[in-house]
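The lines below spell out each chain.
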Amino acid sequence: MGSGEPNPAGKKKKYLKAALYVGDLDPDVTEDMLYKKFRPAGPLRFTRICRDPVTRSPLGYGYVNFRFPADAEWALNTMNFDLINGKPFRLMWSQPDDRLRKSGIGNIFIKNLDKSIDNRALFYLFSAFGSILSCKVVCDDNGSKGYAYVHFDSLAAANRAIWHMNGVRLNNRQVYVGRFKFPEERAAEVRTRDRATFTNVFVKNFGDDMNDDKLKELFSEYGPTESVKVIRDASGKSKGFGFVRYETHEAAQKAVLDLHGKSIDGKVLYVGRAQKKIERLAELRRRFERLRLKEKSRPPGVPIYIKNLDETIDDEKLKEEFSSFGSISRAKVMVEVGQGKGFGVVCFSSFEEATKAVDEMNGR
């Protein structure tokens, strides 16, 4: 198990568990097939294929746990990218503590790779610069997408790789090698750079009768436009938003400042700088994380909603009335200025308890 903390003694990191992560597995690979493949390397504790908790379909990766760390290290050094079920697999140390991975320390990004460079070639190209925790060429159904990630066990190794490999020609293509940046960091850089130069404007919240010509007439007042487009659905109906691209940044900025919040045909326009894809994805991630944290903070249980409550009912009384149906994690009456608003929520520990309460109490 790796650690993201510095190693002042300069010694090679020791992984506390003799477990290997096995990635890029064929969907038909089973625990028994993993066991037979890795058993010659040394005594095993167990093998595991990771599966979707609902569908039970394999997720394309698993774990091999050896009895002795030396056997795991031998397998990592000699069996990486071997075939199983006709497909090369990818090995790395299993790291239950993922702080190092999440920190981004030692992680580099490579792009403009020739499609012939696979995981094995990438590993041997970059292993000269230090110990590699993981490396992966990103692929789709058509093969390599031309970029990859290599995660070293130290920042020094990553810096060496960047210094020696950035700008080098591999298979007649000049590659870019740089520090890995999290999507939010890259989005912030794009946002900062684009604010001073943008020419593309996003417009939304206009009526169904808006078309390209009307939109162009509205926005041409601020400067010459290169393109104007109202986005429509499959039936040709306006989706209520569109884009205007100006020839100059000054015209785009002026349109945003003047038209944002302006009322057109009874609708208040939103007009702003059109975001790049990476910014939109980063915003979606932030929204998802906020929702995830919100869901996590909610009390566990199955909620039922109650209305037409007498204004004298408080939280304790509500819980008391429903406690006979099961274990309650939360009972809350919504209040306004200290007085009940006539509705509330009760959370039971199981669906069965909640169903019983609804059946018994509805209409009482």
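Identification of the chain as Polyadenylate-binding protein 5 from Muntiacus reevesi is taken from an unreviewed UniProt entry. Here the chain is described in UniProt, under the heading Subcellular location (unreviewed entry), as follows: "Cytoplasm". The Function (unreviewed entry) field of the UniProt record for the chain holds the comment "Binds the poly(A) tail of mRNA. May be involved in cytoplasmic regulatory processes of mRNA metabolism. Can probably bind to cytoplasmic RNA sequences other than poly(A) in vivo."

(A) Quick look at the environment of Glu226. Tracing the sequence through the fold places Glu226 in strand S14 (residues 225-232). Measuring from C-alpha to C-alpha, the distance between Glu226 and Asn200 comes to 9.5 Å, with 26 residues separating the pair along the chain. In contact with Glu226, not counting residues within four places along its chain, are Arg245, Tyr246 and Glu247.

(B) Empty space enclosed by the protein, seen in detail. As enumerated under the stated definition, the model contains one cavity of 30 Å³ or more in all. In this model, the largest cavity occupies a volume close to 30 Å³. Around the largest cavity, the lining residues are Phe206, Gly207, Asp209, Met210, Ile264 and Asp265. For the lining of the largest cavity, a count of residues per class yields three nonpolar, one polar and two charged.

(C) Seen up close, the pattern of salt bridges. The final tally for this structure, using the stated rule, is eight salt bridges. For Lys136, the salt bridge goes to Asp24, with nearest N and O atoms at 2.9 Å. Here Lys136, found in strand S8 (residues 132-140), pairs with Asp24, found in the loop between strand S1 (19-23) and helix H1 (31-38); they are 112 residues apart in sequence, far enough to count as distant. Linking Asp315 and Lys332 is a salt bridge whose minimum nitrogen-to-oxygen distance equals 3.9 Å. Of the two residues, Asp315 sits in helix H10 (residues 315-322) while Lys332 sits in strand S20 (residues 328-336), which places them 17 residues apart along the sequence.

(D) Geometry of the pairing of strand S9 (residues 143-152). Strand direction decides the pairing type here: strand S7 (residues 107-111) and S9, joined by five bridges, are antiparallel. Residue pairing in the sheet places Asn107 in a bridge with His151 of S9. Note: S8 against S9, seven bridges, orientation antiparallel. Residue pairing in the sheet places Ile132 in a bridge with Phe152 of S9. In this antiparallel pair of consecutive strands, S8 and S9, the connection spans two residues.

(E) Quick peek at the pairing of S7. Burial analysis of S7 places four of its five residues in the buried class, the great majority of the element. As defined by bridge partners, S7 adjoins strand S12 (residues 176-179) across four bridges and the pair is classed as antiparallel. Residue pairing in the sheet places Ile108 in a bridge with Arg179 of S12.

About the criteria used
- Residues numbered from 1 in each chain as written.
- Predicted model: local features only at pLDDT ≥ 70, side-chain atom pairs only at ≥ 80, totals over all residues.
- Heavy atoms only, no water.
- UniProt positions renumbered as here; feature names shortened; annotations may be inferred.
- Helix = DSSP H or I, 4+ residues; strand = E, 2+ residues; numbered from the N terminus.
- Contact = heavy atoms within 4.5 Å.
- 1 Å grid on protein atoms, 1.4 Å probe; cavity = no way out; pocket = protein on both sides within 12 Å on 5 of 7 lines; lining within 4 Å.
- Points joined across faces, edges and corners; volume = space filled by probe spheres on them.
- Nonpolar A, V, L, I, M, F, W, Y, C, P; charged D, E, K, R; others polar.
- Salt bridge = Lys/Arg side-chain N within 4 Å of Asp/Glu carboxyl O.
- Pairing = 2+ DSSP bridges.
- Buried < 20%, exposed > 50% of the residue type's maximum accessible area, 1.4 Å probe, protein only.

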